[in-house]
Protein chains: 2
Amino acid sequence: MTGRLQNELKKKRPFEEMEEEVVLNLLRTNDQFGNRFGRLFREYGLTSSQYNVLRILRGEGKPMPSLEIAERLVQVVPAITGLIDRLEKQGLVVRQRCTEDRRVVYVEITEKALGILKQIDKPLTKLHKRLLGHMPRAELKTLSRLLEKARQSLAGDEGGL
Amino acid sequence: MTGRLQNELKKKRPFEEMEEEVVLNLLRTNDQFGNRFGRLFREYGLTSSQYNVLRILRGEGKPMPSLEIAERLVQVVPAITGLIDRLEKQGLVVRQRCTEDRRVVYVEITEKALGILKQIDKPLTKLHKRLLGHMPRAELKTLSRLLEKARQSLAGDEGGL
DNA sequence: TGCAATTAGTTTACATGTAATCTATTCTCA
DNA sequence: TGAGAATAGATTACATGTAAACTAATTGCA
């Protein structure tokens with residue numbers, strides 16, 4: 001695997017090669033893991049995005065404004081509307097306009113959705129185990145830490161160019 | 001601060017927590033980096049996927065069958081058709097059916113596309129630097145290695161469930 | 001030799017991500 | 001208090017990712 005990735009790189013300076021390799025590895029790992037999770041969620045009639053919205057709502061424990069959900073998803077605003085639309089159509093969330101500030105729409109998770117999430121919990125844990133169970137705890141910790149550190153270059157600059 | 005001790009006691013299954021944290025960090029980092037690269041490519045009229053197709057074609061140095069490109073993109077087959085369609089419409093690639101095996105369609109990169117890629121090279125390197133330049137070489141190496149290791153759990157199992 | 005299995009690519013249907021623009025409300029403050 | 005700025009969402013347009021079904025060409029092999 002290492003060799004193949006490096007083969008795709010045009011040899012330049014070692015340091016730039018290193019950075020590019022990290023980026024490619026990041027993309028590749030994310031894609032492959034994402035595929036697996038996507039397949040699992042699909043077995044329960046959900047997409048990854050839908051699952052994530054529901055997970056956030058369950059974690060919050062009470063209705064949330066659309067934009068607050070969108071924020072936690074690290075998604076851009078427009079996508080959230082359609083996402084909630086489809087969840088509502090499936091009876092997994094309910095929309096309710098706030099009476100005090102009529103601009104705000106609260107989204108609440110339904111019992112039906114909570115039931116599905118509960119069904120997913122175990123297989124999801126199992127999948128995590130399958131994907132990462134072969135790595136010792138110390139390495140997982142290091143990996144998390146390094147990913148966080150990588151993101152520090154964008155800290156406080158989320159929206160800027 | 002209720003204390004680190006209590007926090008540790010409250011942890012249910014530390015190991016699974018760790019795995020989930022890695023996955024979330026992976027998603028987040030990938031999203032944020034992906035946004036940056038996407039914006040850069042858009043300045044040159046390309047999407048990330050389009051850039052990647054062109055980069056692969058430049059690297060190969062000669063026309064390639066559609067499916068071979070798709071394979072390297074870690075993408076599923078159907079997406080490649082539309083992608084090539086749009087690149088062709090922009091005059092960035094040319095399609096040519098193979099005479100020996102009439103099922104195969106070769107895709108060739110154009111001079112126009114090579115010119116755009118050349119323009120992108122420097123800003124792209126600069127962006128890499130900006131995103132990862134704050135990490136010492138040793139950490140980049142470790143990060144790459146751990147990402148590769150994470151993917152080993154799916155080795156030789158690309159298509160399976 | 002002839003037909004089933006493969007293979008390369010396309011098409012269709014749907015969910016999503018991104019940007020730009022628009023509407024309805026609420027807030028600010030001169 | 002009243003107009004402009006800010007905020008919450010929705011809408012539109014387009015590129016993409018995914019699955020499933022389809023066409024055309026080639027291969028394998030009894």
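Our subject in this report is the structure included herewith. Every chain is numbered independently, its residues counted from 1 as its sequence is written. Note on labels: chains are lettered from A, ligands numbered from 1, in written order. With pLDDT at 70 or above as the cut-off, local features in this predicted model cover only qualifying residues; side-chain atom pairs require 80 or more to be listed or tallied, and sums for whole chains, interfaces and linings still use all residues. The basis for the side-chain values is all heavy atoms of the structure; hydrogens and waters are excluded.

Looking now at the protein's contact with DNA strand C. By convention in these notes, a residue is near a molecule or strand provided one of its non-hydrogen atoms lies within 4 Å of it. In the vicinity of DNA strand C, 24 residues are found, and the nearest of them are Thr47, Gln75 and Arg86 of chain A together with Asn35 and Val105 of chain B. Taken together, the sugar and phosphate atoms account for 77% of what DNA strand C places within 4 Å of the protein. Each polar contact in these results corresponds to two N or O atoms within 3.5 Å; when the atoms are within protein, one needs to be able to donate a hydrogen and the other to accept it, and residues that are neighboring in sequence are counted only if both atoms are side-chain atoms. Within the side chain of Arg95 of chain B, one N or O atom sits 3.4 Å away from a phosphate oxygen of DNA strand C. Arg103 of chain B is positioned such that a nitrogen or oxygen atom in its side chain is 3.0 Å from a base oxygen of DNA strand C. Helix and strand assignments follow DSSP, with helices taken as H or I runs no shorter than four residues and strands as E runs no shorter than two, numbered in order from the N terminus. Where the surface near DNA strand C is concerned, the elements lending two or more residues are helix 3 (48–60) and helix 5 (77–89) of chain A together with helix 2 (14–43), helix 4 (66–72) and helix 5 (77–89) of chain B.

This part covers the protein's contact with DNA strand D. Contacts to DNA strand D come from 23 residues, most closely from Asn35 and Val105 of chain A together with Thr47, Gln75 and Arg86 of chain B. Considering DNA strand D, the proportion of its atoms within 4 Å of the protein that are sugar or phosphate atoms stands at 77%. The contact in question runs from a phosphate oxygen of DNA strand D to an N or O atom on the backbone of Leu67 of chain A, over 2.8 Å. Contributing elements (two or more residues each) for the surface near DNA strand D: helix 2 (14–43), helix 4 (66–72) and helix 5 of chain A together with helix 3 (48–60) and helix 5 of chain B. No other element matches the four residues that helix 5 of chain B contributes to the surface near DNA strand D. For the surface near DNA strand D, the per-class residue count stands at eight nonpolar, seven polar and eight charged. Three residue categories are used. Nonpolar comprises Ala, Val, Leu, Ile, Met, Phe, Trp, Tyr, Cys and Pro, charged comprises Asp, Glu, Lys and Arg, and polar comprises the others, including Gly.

Fitting of the copies onto one another was done by least squares over C-alpha atoms, counting residues only where both copies have pLDDT of at least 70. The two copies are related by a screw motion: chain B maps onto chain A through a turn of 180° and a shift of 0.0 Å along the axis, at an RMSD of 0.0 Å. Overall, the copies show the geometry of a two-fold rotation axis.

Moving on, we get to the sheet that holds strand 2 (residues 93–97) of chain B. All names here are of chain B. Strand pairing requires that DSSP identify at least two bridges connecting the strands. One open sheet holds the three strands; their spatial order is 1-3-2, and the pairing between them is antiparallel. A single partner strand is all that each edge strand has here, and the edge strands are strand 1 (64–65) and strand 2. Pairing of strand 2 with strand 3 (residues 105–109) involves five bridges; the strand directions are antiparallel. Its bridge partner lying in strand 3, Val93 is registered against Ile109. Residues count as neighbours in contact if any of their non-hydrogen atoms are within 4.5 Å of one another. Axes here refer to lines fitted to C-alpha atoms; in helices the fit is confined to the stretch in contact. Angles between the N-to-C directions go from 0 to 180 degrees. Packed onto the sheet, helix 3 meets strand 1, strand 2 and strand 3 and runs at close to 90° relative to strand 3. Sheet contacts for helix 5: strand 2 and strand 3; angle to strand 2, the most-contacted strand, approximately 120°.

Moving on, we get to the interface of chain B and chain A. In this complex, chain B contributes 60 residues to the contact, which on the side of chain A involves 64 residues. Interface area for chain B against chain A, summed over the two sides, is near 6,700 Å², with a carbon-plus-sulfur share of 58%. Any Lys or Arg side-chain nitrogen found within 4 Å of a carboxyl oxygen on Asp or Glu counts as a salt bridge. Counting the contacts that link chain B with chain A gives six salt bridges. Residue Glu19 of chain A is joined to Lys129 of chain B by a salt bridge in which the shortest nitrogen-to-oxygen separation is 3.4 Å. Taken together, chain B and chain A are joined by 16 residue pairs in polar contact (both at pLDDT 80 or more). Listing elements by their share of the side of chain B that touches chain A, those giving two or more residues are helix 2, helix 3, helix 6 (111–132) and helix 7 (137–151) of chain B. Ranked by the residues each element gives to the side of chain B that touches chain A, the list is headed by helix 2 of chain B, at 23 residues. Accessible surface is computed with a 1.4 Å probe, and the buried area is the amount of it that two parts give up when combined, taken over both parts together.

We now examine the sheet that holds strand 3 (residues 105–109) of chain A. Paired through backbone hydrogen bonds, the strands of a sheet run either parallel or antiparallel to each other. All names here are of chain A. Within the open sheet, the three strands sit side by side as 1-3-2. Their pairing is antiparallel. Every other strand in the sheet has two partners, leaving strand 1 (64–65) and strand 2 (93–97) as the edge strands with one partner each. Of the strand pairs in this sheet, strand 1 and strand 3 are connected by two bridges, and their pairing is antiparallel. Looking at the pairing, Met64 lines up with Val107 of strand 3. Across the sheet, helix 3 lies against strand 1, strand 2 and strand 3, angled at about 90° from strand 3, the strand it touches most.

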